[in-house]
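# Coordinate analysis (summary)
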Amino acid sequence: MTIVYDDNEDQATDVPVRRIRFTVNGQKKIAEVEPRLLLAHLIRRGIGLTGTHMGCDTTNCGACTVLVDGRPVKSCTMLAVQIDGRAITTVEGLASASELHPLQEGFREEHGLQCGFCTPGMMMAATALLEENPDPTEEDVRWALSGNLCRCTGYQNIVKSVLWAAAKLRGAGSEAGEA
Ligand code: FES
Ligand code: FES
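Residues numbered from 1 in each chain as written. Chains lettered and ligands numbered in written order. Predicted model: local features only at pLDDT ≥ 70, side-chain atom pairs only at ≥ 80, totals over all residues. Heavy atoms only, no water.

Secondary structure summary: the protein chain contains 5 helices and 5 strands in total. Counted from the first residue to the last, the protein chain has its helices and strands arranged as β-β-α-β-β-β-α-α-α-α. Within the protein chain, buried positions represent 41% of all 179 residues. For the protein chain, restricting intrachain contacts to residue pairs at least 6 apart in sequence, the fraction spanning at least 24 positions comes to 56%. (Helix = DSSP H or I, 4+ residues; strand = E, 2+ residues; numbered from the N terminus. Buried < 20%, exposed > 50% of the residue type's maximum accessible area, 1.4 Å probe, protein only. Contact = heavy atoms within 4.5 Å.)

Given below as structure tokens:
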């Protein structure tokens, strides 16, 4: 809702802010945010983690998916104030300083990306799946990624990438690589 005020001289014009504490990729943060601020905007503009993409702003595409306390969330659908006290993981939190995450390796090995716009969201949704189900079927993967759209329509290889990563995480990386 948009509220329009008469411009009286004595009327306060400051927008109220809320202070929130959270962790992002393991780092503790405090932010002062307007109650209307979207989590996606806090992540991209406030924290500068631009790996989280925004494709639609209307909960359709899944490009903005991050993990909130381990669960996948479309960050254009959540307010920043709702993460007070919670842990956020973005795509930047997957790799270590020296190694790619197996999902990132999987996308490289199985050609799981074309333009790459949907990739961060796909990886975060897949991360949540593999945490919960280390040995998913192809159908499980397709179901877990069903909220994420790829405009390049590379779904076949995205699914293969996630299955590759699942195998690697289960300790069968060499077999997956040979497949
Ligand atoms: Fe959030 Fe598309 S930008 S679902
Ligand atoms: Fe281009 Fe998915 S790789 S949108």
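From this point on, the discussion continues.
Once that is clear, we can look at the pairing of strand 3 (residues 65–68). Side-chain alternation along strand 3 places Thr65 and Leu67 on one buried face and Val66 and Val68 on a second face that is also buried. Where strand 3 meets strand 4 (residues 71–74), 4 bridges bridge the pair, whose relative direction is antiparallel. Of the residues in strand 4, the one forming a bridge with Leu67 is Pro72. Linkage of strand 3 to strand 4, two consecutive antiparallel strands, is achieved through a turn of 2 residues, within which Asp69 is found at a positive phi near 50°. (Pairing = 2+ DSSP bridges.)

Moving on, we come to the confidence of the model for the protein chain. Confidence in the prediction of the protein chain, expressed as mean pLDDT, is 92, and 90% of residues score 70 or more. Note that residues 173–179 has pLDDT below 50 and, in this model, 6 contacts with residues that lie over four places away or in other chains. (pLDDT = per-residue confidence, 0-100.)

With respect to topology, 5 strands assemble into an open sheet ordered 2-1-5-3-4, the strand pairing being mixed. What marks the edges here is a single partner per strand, and that holds for strand 2 (27–33) and strand 4. Strand-to-strand twist of the sheet, defined as the mean angle between neighbouring strand axes without regard to direction, takes the value 40°. Against the sheet, helix 1 (residues 39–46) touches strand 1 (18–24), strand 2, strand 3 and strand 5 (87–89), its axis set at about 100° to strand 3. Sheet strands touched by helix 3 (residues 119–132): strand 3, strand 4 and strand 5. Its angle to strand 3, the strand with the most contacts, is close to 35°. (Axes fitted to C-alpha atoms, helices over the stretch in contact; angles between N-to-C directions.)

Note on placement: His41 falls in helix 1. Residue contacts for His41: discarding those within four places in its chain leaves Gly46 and Met54.

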